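# A look at the structure
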Amino acid sequence: MASISIGLNHPNLNHQFSKHSIKLSSSFHLSPLPPKSFSSLSLCKLRGSRLLDSRLLARAEDNARGKSSSSSSIQGKTQNPDSEKQLKGLISESGTCDPLCSVDETSSEDFEANYQPKTDLVKALAILAAAATGTAAINHSWVAANQDLAMAILFAIGYAGIIFEESLAFNKSGVGLLMAVSLWVVRSIGAPSTDIVVSELSHASAEVSEIVFFLLGAMTIVEIVDAHQGFKLVTDNITTRKPRTLLWVVGFVTFFLSSILDNLTSTIVMVSLLRKLVPPSEYRKLLGAVVVIAANAGGAWTPIGDVTTTMLWIHGQISTLPTMKSLIIPSAVSLAVPLALMSLTSEVNGKEQETPDVLASERMAPRGKLVFSVGIGALLFVPVFKALTGLPPYMGMLLGLGVLWILTDAIHYGETERQRLKVPQALSRIDTQGALFFLGILLSVSSLEAAGILRELANYLDAHIPNVELVASAIGVVSAIIDNVPLVAATMGMYDLTSFPQDAEFWQLVAFCAGTGGSMLVIGSAAGVAFMGMEKVDFFWYFRKVSGFAFAGYAAGIASYLAVRNLNIALPTTLADIPFLSGS
C-alpha cells in the first residue's frame, strides 16, 4: 500500500494562509520520482497550487514537456488496474482537476496561454509616461502664472475620472487621493511662499480628519451591531403582508432607521429584509426603490444621518435641534408623496394575494440585544456629548466606539470561535476605501478654497442667481448626477458663516436638497448604488419607474420647508427647551 500526499500552501484573497492536503491511496506501488519530475504531478492540473509563483509554474510545465516521458514514468505501472482509473478520474476531459483538488485559480498551462507580458509592459509605460507628463506640466511656468485655471482643469479631469470609474477601471478612491495631492502641489507652486501653503494644508487636514475619524467610528459601531444581528430587533417586528401597507411600513421604518444610521447601511439592512419578505418581482424592485428614497430622506434631517449633514454639523453651519425641527417635516413629505403615488401603481394594486411569511434567517448572536442597545445609544449620545463638553463630535463617536470595544472584549472573553464579533475583525470589514475617498475629495476641495477659486464662484452665483432657494435647489438636482459630498464641500468653501450664519435658511436647504436630491437617479446616492448591486436593477428601469416619483417628493419637500419656515411652525416648547440640545 502506498500513499501520495501533496501539500499546497497558498495565500487566499485576504493574505491568510491555509493548507490543503490531497491524499490518494491505492493498492499499487510507486517507485521514487526523480527530483525534476515533480512537475509530472501537474497531470492533475492543480488549479489551486498558489504555493508556486505563476512564473515558476510555467517554467515547471516547460521542463516537464522537455523531458522524456520515460524519465518520469511509474515503474511497473500498477498491480491493480482500477487504481489507474482512480487517478485518471481526478482529471476531467477539459484537462482540469476534479473539484476536490481544485479551487478558483487557473492552472499554470492556462496562465501561460493567456499571459501577455507585452500588454502589461505597455500599460506600465503608459502610466509612467502620464506621470512624467503630469510632472513636467506642473513644473511649467504657465502653471505658476495661471494657478486658478490649472487647478480648475486638474479638478475637472480628476472628477471626470471619479464619475467614469467603471469605464476606466480605476477606483475612485485612488483617483481622489491622486487629485488631492496634485492640487496641493499646484497650489504650492502658485502661492507666495511654501509656509503659507503648509499652514493652509494643516488647517484643511485638521478639519477633514474630524470627518474621517467620525465616519470610521460610526462605521465600526454599525458593523459590530450588524455582526451581532442586532438589527433583527427592528426588522423582525415588520409583520404585515399586505402590499400597500408593507410599502408604507418599509418606507417609514427605513426613514427612521436612516436618521440614526447612514443611508448606505440602512439600505443594505432593509433590502436584505425584503429578500426574505417578498419573492423576486416588480413589486420587490419597487419596494427596494422605496428604501432608497426613504434612506436618503431619513438621513437629511439629523446631523448623524448622512455624510453631508454631518459635514455641515461638524463645521458649524447647522446645529442639532433647529435642524431637526426644520427638516423633519420636509423630509417626511419628500417620502410620503412618492409613497402615495406608488400606492396607485399596478405593481402594488395588482397584488391580489399577500406576500408569504418571513423566511428563516440567522439567529441573533449571544448578547446581541445588549450590543444593539449600547451601539445605538453610542450613536445617539454623540450630539449630547458635543453639547455637554463643547468638544468636536468625532470625540463623542470615538468615546462610543471605545465603550463598545471594551464591552465586546469582555462579553466574548475566551470565546475564540467568536472573534468576528469583536472590533478588530469589524475594522477589517468596514468601508475603508470609502473613508479614503472622502479624504481625497475633501482635501481637493479645500485646495480650491485655499486658492480662492470657490469664493470667486460664489460671487459669480450671487451676481447672477441672487435667490438662495434656487441655488440650494440646483445643488440637489446636480447631486442626482454628481456625488453630493464634493458638492456640499464646495458650497461650504464658497459661503462662510459671515455670508450665512448658523442655521440660516440656506444651510438647512443645502442639507435637505443634497440629501434627498440623490434619489432622483439610482446613481445619485450610495443607497441607490447599493440597491442596484443587490437587486440587479438597471439605470433605465429606475428612471422609468421611480425618478418621476422621487422628483415629485423632492419638489414637495422644498415647498413644505418654505411653508414651514414662513409660518414659523415649531416643535412644542417642552422639547425645544431641552438644555443639552438647544445650543448643540
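Fair warning: this is a prediction, and the values are worked out from it, not measured in the lab. (Residues numbered from 1 in each chain as written. Predicted model: local features only at pLDDT ≥ 70, side-chain atom pairs only at ≥ 80, totals over all residues. Heavy atoms only, no water.)

### Quick word on the overall build of the protein chain
Helix and strand counts for the protein chain come out as 29 helices and two strands. Within the protein chain, counting contacts between residues at least 6 apart in sequence, those at least 24 apart form 78% of the total. Summing over all exposed atoms, the protein chain offers an accessible surface of approximately 29300 Å²; the carbon and sulfur share of this is 63%. (Helix = DSSP H or I, 4+ residues; strand = E, 2+ residues; numbered from the N terminus. Contact = heavy atoms within 4.5 Å. Areas by Shrake-Rupley, 256 points an atom, 1.4 Å probe, with all protein chains shown as cover.)

### Let's talk about a nonpolar patch on the surface
On the surface, a cluster of nonpolar side chains totalling about 390 Å² of accessible area is made up of Trp142, Leu149, Ile153 and Ile157. The greatest single-element share of the nonpolar patch, amounting to three residues, is contributed by helix α6 (residues 147-163). With respect to the helices and strands, isoleucine 153 occurs in helix α6. Using a relative accessible area of 41% as the deciding quantity, one classes isoleucine 153 as partly exposed. (Patch = residues over 30% accessible without salt bridge, like charges linked within 9 Å, V, L, I, M, F, W, Y side chains within 5 Å. Salt bridge = Lys/Arg side-chain N within 4 Å of Asp/Glu carboxyl O. Buried < 20%, exposed > 50% of the residue type's maximum accessible area, 1.4 Å probe, protein only.)

### Things to note about the nonpolar core
One finds Met311, Leu379, Tyr495, Trp507 and Tyr542 to be the most contacted residues of the largest nonpolar core, which totals 128 residues. At twelve residues, the largest contribution of residues to this core is made by helix α9 (residues 194-227). In this view, methionine 311 contacts Ile211, Gln317, Leu442, Val485, Val488, Ala489 and Met492; residues no more than four positions away in its chain are not counted. (Core = buried A, V, L, I, M, F, W, Y, C linked by side-chain atoms within 4.5 Å.)

### Quick look at the pattern of salt bridges
A full pass over the atoms with the stated rule returns five salt bridges. Note that glutamate 223 and arginine 429 form a salt bridge whose closest N and O atoms lie 2.9 Å from each other. Note that glutamate 223 is positioned in helix α9 and arginine 429 in the loop between α19 (423-427) and α20 (432-450), a separation of 206 residues in sequence. Residue classification places arginine 429 among the partly exposed positions, given a relative accessible area of 31%.

### Some remarks on the side chain of serine 259
Topologically, serine 259 is positioned in the loop between α11 (243-258) and α12 (263-277). Judged by relative accessible area, serine 259 falls into the buried class, the value being 8%. Here phenylalanine 256 takes part through its backbone oxygen, which lies 2.5 Å from a polar atom of the side chain of serine 259. The residues contacting serine 259, other than those within four sequence positions of it, are Gly298, Trp301, Thr302, Ile304 and Gly305. (Polar contact = N/O pair within 3.5 Å; in protein donor to acceptor, adjacent residues only side chain to side chain.)

### Regarding the environment of glutamate 469
Within the secondary structure layout, glutamate 469 lies in helix α22 (residues 468-478). As for glutamate 469 and valine 510, which are separated by 41 residues in sequence, their C-alpha atoms are 9.0 Å apart. Once residues lying within four places of it in the same chain are set aside, the contact partners of glutamate 469 are Glu505, Leu509 and Leu562.

### Here's the deal with helix α27 (residues 547-567)
Given 3.6 residues per helical turn, the α-helix brings residues three or four places apart onto the same face. Spanning 21 residues, α27 covers 30 Å between terminal C-alpha atoms, matching the ideal 30 Å at 1.5 Å per step. Those residues of α27 lying buried are Ser547, Phe549, Ala550, Gly553, Tyr554, Gly557, Ile558, Ser560, Tyr561 and Val564. In the core, the buried residues of α27 are packed alongside α13 (282-299), α15 (320-342), α22, α24 (505-516) and α26 (539-545). (Expected span 1.5 Å × (residues − 1).)

### Some remarks on the environment of valine 234
Assignment of secondary structure puts valine 234 in helix α10 (residues 232-235). Separated by 23 residues in the primary sequence, valine 234 and leucine 257 place their C-alpha atoms 8.7 Å from one another. Residue contacts for valine 234: discarding those within four places in its chain leaves Val253, Leu257 and Phe372.

### Things to note about the packing of aromatic side chains
One pair of aromatic rings is described through two measures. These are the centre distance and the angle between the planes. Under the counting rule described, the total for this entry stands at 16 aromatic pairs. With 4.5 Å between their ring centres and 20° between their planes, phenylalanine 500 and phenylalanine 506 make a pair best called stacked. With respect to burial, phenylalanine 500 and phenylalanine 506 carry one shared label: buried. Ring centres of phenylalanine 539 and phenylalanine 543 lie 6.3 Å apart, and the angle between their planes is 10°; this geometry places the pair in the stacked category. Taken together, the positions of phenylalanine 539 and phenylalanine 543, both in helix α26 and four residues apart, correspond to about one turn of that helix. Classification of phenylalanine 539 by relative accessible area gives partly exposed; the value is 27%. Among the residues examined, phenylalanine 543 registers a relative accessible area of 47% and is labelled partly exposed. (Phe/Tyr/Trp six-rings, centres within 6.5 Å; stacked < 30°, edge-to-face > 60°.)

### Re unusual backbone geometry
Within the chain, glutamine 229 stands out as a residue other than glycine whose phi angle is a positive 60°. Within the secondary structure, glutamine 229 sits in the loop between α9 and α10. At aspartate 503, a position not held by glycine, the phi torsion is positive, near 65°.

### What to know about the packing of α15 against α27
Where α15 contacts α27, the axes come no closer than 7 Å and their chain directions differ by 145°. The hand of the α15/α27 crossing is right-handed. Contact residues: Ser326, Leu327, Ile329, Pro330, Val333, Ser334, Val337, Pro338, Leu341 and Met342 in α15; Phe549, Ala550, Ala552, Gly553, Ala556, Gly557, Ser560, Tyr561, Val564 and Arg565 in α27. Taken together, the residues of the contact of α15 with α27 sort by class into 14 nonpolar, five polar and one charged. (Axes fitted to C-alpha atoms, helices over the stretch in contact; angles between N-to-C directions. Left-handed = near helix turned anticlockwise from the far one by under 90°. Nonpolar A, V, L, I, M, F, W, Y, C, P; charged D, E, K, R; others polar.)

### Quick word on the confidence of the model for the protein chain
Per-residue pLDDT for the protein chain averages 75, and the proportion of residues at 70 or more is 73%. Of the regions scoring below 50 in pLDDT, residues 573-584 engages in 15 contacts with residues more than four places distant in sequence or in other chains. (pLDDT = per-residue confidence, 0-100.)

### Description of the packing of α15 against α24
In helix packing, the relevant descriptors are the interaxial angle and the interaxial distance, both defined with respect to the helix axes. The N-to-C vectors of α15 and α24 enclose an angle of 35°; their axes lie 10 Å apart at closest approach. Between α15 and α24 the crossing geometry is right-handed. Residues Pro322, Thr323, Ser326, Leu327, Pro330, Ser331 and Ser334 of α15 form the contact with α24, whose own contacting residues are Gln508, Ala511, Phe512 and Thr516. Here the residues of the contact of α15 with α24 sort into five nonpolar, six polar and no charged.

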